[in-house]
Amino acid sequence: MAISDRYHRQRLVDGIGDRGQLAISNSTVAIVGVGALGCMSASMLARAGIGNLVLIDRDIVETTNLQRQVLFTEEDADTQQPKATAAASHLAKVNSEINITPHVEDLTSRNVHHLLNSIDVIVDGLDNFNARYLLNDFAVKTNKPFMFAGVISGQGNVMTIIPKTTPCLRCLFPNPPTSGSQDTCDTVGVLAPAIGIAASCQCMDVIKFLTDNKGKISRTLLTFDLWNSESNRVGYGEPIETCPCCGQLDFEYLNETVSEPVALCGRLAVLLPSIDAFDLEMATKKLQEHGSFERSDTMVRGEFHEERAPDGSAIKMLCFHDGRSIIHGTDDIRRAKAIFERYIGN
Ligand SMILES: [Zn+2]
């Protein structure tokens, strides 16, 4: 395979060269979550020439994302584009020599094997701990490197997990924080420069891993507070024998089968999980009898004539092709489920 000249400055770096660039071009990397972290990682990795880039995200672009989610435009927010496909179409203009595969999906224990089996490296772009613990289980079980990162406010945590070599996420944090106990980007905000640091650390380690420079990857957790100009490295440097995941091989998040509806924090909306055997075309027909709904390749969305939010505005609904739905205008899970069952059935 001829190596394109566009990577000249990257190939010049000691430790990369033509061989490293070829390895990068032959690799498959998944970015799970294409929000703030995922946008920055996807941009850097597409430009670096990752041959096959897989983008997984369940959500749509909103105006409040534009402050930090560097791939998206006002038009993406106005037209409520899915993040995975919007990112893929922007990146296709940045690098037409690579394959970019978007998946508008919620990562669950049901689809993780299907989505990530042929991946060489997994990059964390998630905003919730349950999905991260699922990825950690999957990475350890299938022996794939997992680039963990989390950022809120001006602070971040970053660690590269290489199963059997470095500690895993559960070696350091045996259990995820209980839901609601943690600050989130919705409650304390987040600053884009802090995300840039975390995403850069992740992508640098992706490049080190793929180009056979694994010895340069740190075995410890980087914690930083960019707002207060502080940083530190913590951790043991070795996998821990008593770790429930990489020590005892108990993959409890991978074995979890059900996902529950969740009220989306700060958004007066409820997310209903995907369902088996969902028919998008049939659902569209049913919804169009009760409101103004439009269908695209991956979803149907619109508003109901007769369902009202507390402020009197119309209840809106968005259904993805896998049946996963977001109902806007209520944070009552029972009402959201009732609306889904009333208009779409099961
Ligand atoms: Zn572990």
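To be clear, the structure that these remarks concern was listed above.
Here is what the cut-offs are and how they apply
- Residues numbered from 1 in each chain as written.
- Predicted model: local features only at pLDDT ≥ 70, side-chain atom pairs only at ≥ 80, totals over all residues.
- Heavy atoms only, no water.
- Donors = N, O, S within 2.8 Å, 3.2 Å for Na, K, Ca; no water.
- Tetrahedral: all angles 85-135°; square planar, octahedral: opposite > 155°, others 65-115°.
- Buried < 20%, exposed > 50% of the residue type's maximum accessible area, 1.4 Å probe, protein only.
- Helix = DSSP H or I, 4+ residues; strand = E, 2+ residues; numbered from the N terminus.
- Expected span 1.5 Å × (residues − 1).
- Pairing = 2+ DSSP bridges.
- Axes fitted to C-alpha atoms, helices over the stretch in contact; angles between N-to-C directions.
- Contact = heavy atoms within 4.5 Å.
- Phe/Tyr/Trp six-rings, centres within 6.5 Å; stacked < 30°, edge-to-face > 60°.
- Lys NZ or Arg CZ within 6 Å of the ring centre and 35° of its normal.

Peer 1: Help me get a handle on the coordination of the zinc ion, residues and values and all.
Peer 2: Distances from the zinc ion to its protein donors, namely Cys168 (SG), Cys171 (SG), Cys243 (SG) and Cys246 (SG), fall within the range 2.3 Å. Considering all 4 donor atoms around the zinc ion, angles at the metal cover 94 to 124 degrees and the coordination shape is tetrahedral. The class for Cys243 is buried, based on a relative accessible area of 2%.

Peer 1: With reference to specific residues and values, describe helix α10 (residues 192-210).
Peer 2: Along its 19 residues, α10 runs 27 Å from first to last C-alpha, staying within 8% of the 27 Å computed at 1.5 Å per residue. For α10, the buried fraction is high: 14 of the 19 residues fall into the buried class. At the exit of α10 stands Asp212, carrying a positive phi of roughly 65 degrees.

Peer 1: Account for helix α7 (residues 129-142), naming residues and giving values.
Peer 2: In this model α7 runs 20 Å from its N-terminal to its C-terminal C-alpha over 14 residues, within 8% of the 20 Å that 1.5 Å per residue would give. Within α7, 10 of the 14 residues are buried, which leaves the element mostly enclosed by the surrounding structure. Burial in α7 covers these residues: Ala131, Arg132, Tyr133, Leu134, Leu135, Asn136, Asp137, Phe138, Ala139 and Val140.

Peer 1: Describe the sheet that holds strand β4 (residues 121-124), listing the residues and the values that go with them.
Peer 2: The strand order β3-β2-β1-β4-β5-β6-β7-β8 describes an open sheet built from 8 strands, whose pairing is mixed. Because the sheet does not close on itself, it has two edges, and the strands there are β3 (99-104) and β8 (230-234). Pairs of neighbouring strands in the sheet enclose a mean axial angle of 15 degrees, with direction left out of account. Bridging between β4 and strand β5 (residues 146-152) involves 2 bridges; their strand directions are parallel. Directly across from Val123, in β5, lies its bridge partner Met147. Its contacts with the sheet put helix α5 (residues 83-94) on β2 (52-57) and β3, and the angle it makes with β3 is roughly 165 degrees. Against the sheet, α10 touches β1 (28-32), β4, β5, β6 (155-161) and β7 (221-225), its axis set at about 175 degrees to β5.

Peer 1: Please provide a residue-by-residue account of the packing of aromatic side chains, values included.
Peer 2: Throughout the structure, instances matching the rule amount to 4 aromatic pairs. Residues Phe129 and Tyr133 carry aromatic rings whose centres are separated by 6.4 Å and whose planes lie at 55 degrees to one another, so their mutual orientation is tilted. With a gap of 4 residues between them, Phe129 and Tyr133 both fall in helix α7, about one helical turn apart. Overall, Phe129 belongs to the partly exposed group, its relative accessible area being 28%. By relative accessible area, Tyr133 is classed as buried at 0%. A connected cluster of aromatic rings, assembled from ring pairs, spans Phe129, Tyr133 and Tyr253. Here the guanidinium or amino end of Arg132 rests over the ring plane of Phe129, the centre of that ring lying 5.2 Å away.

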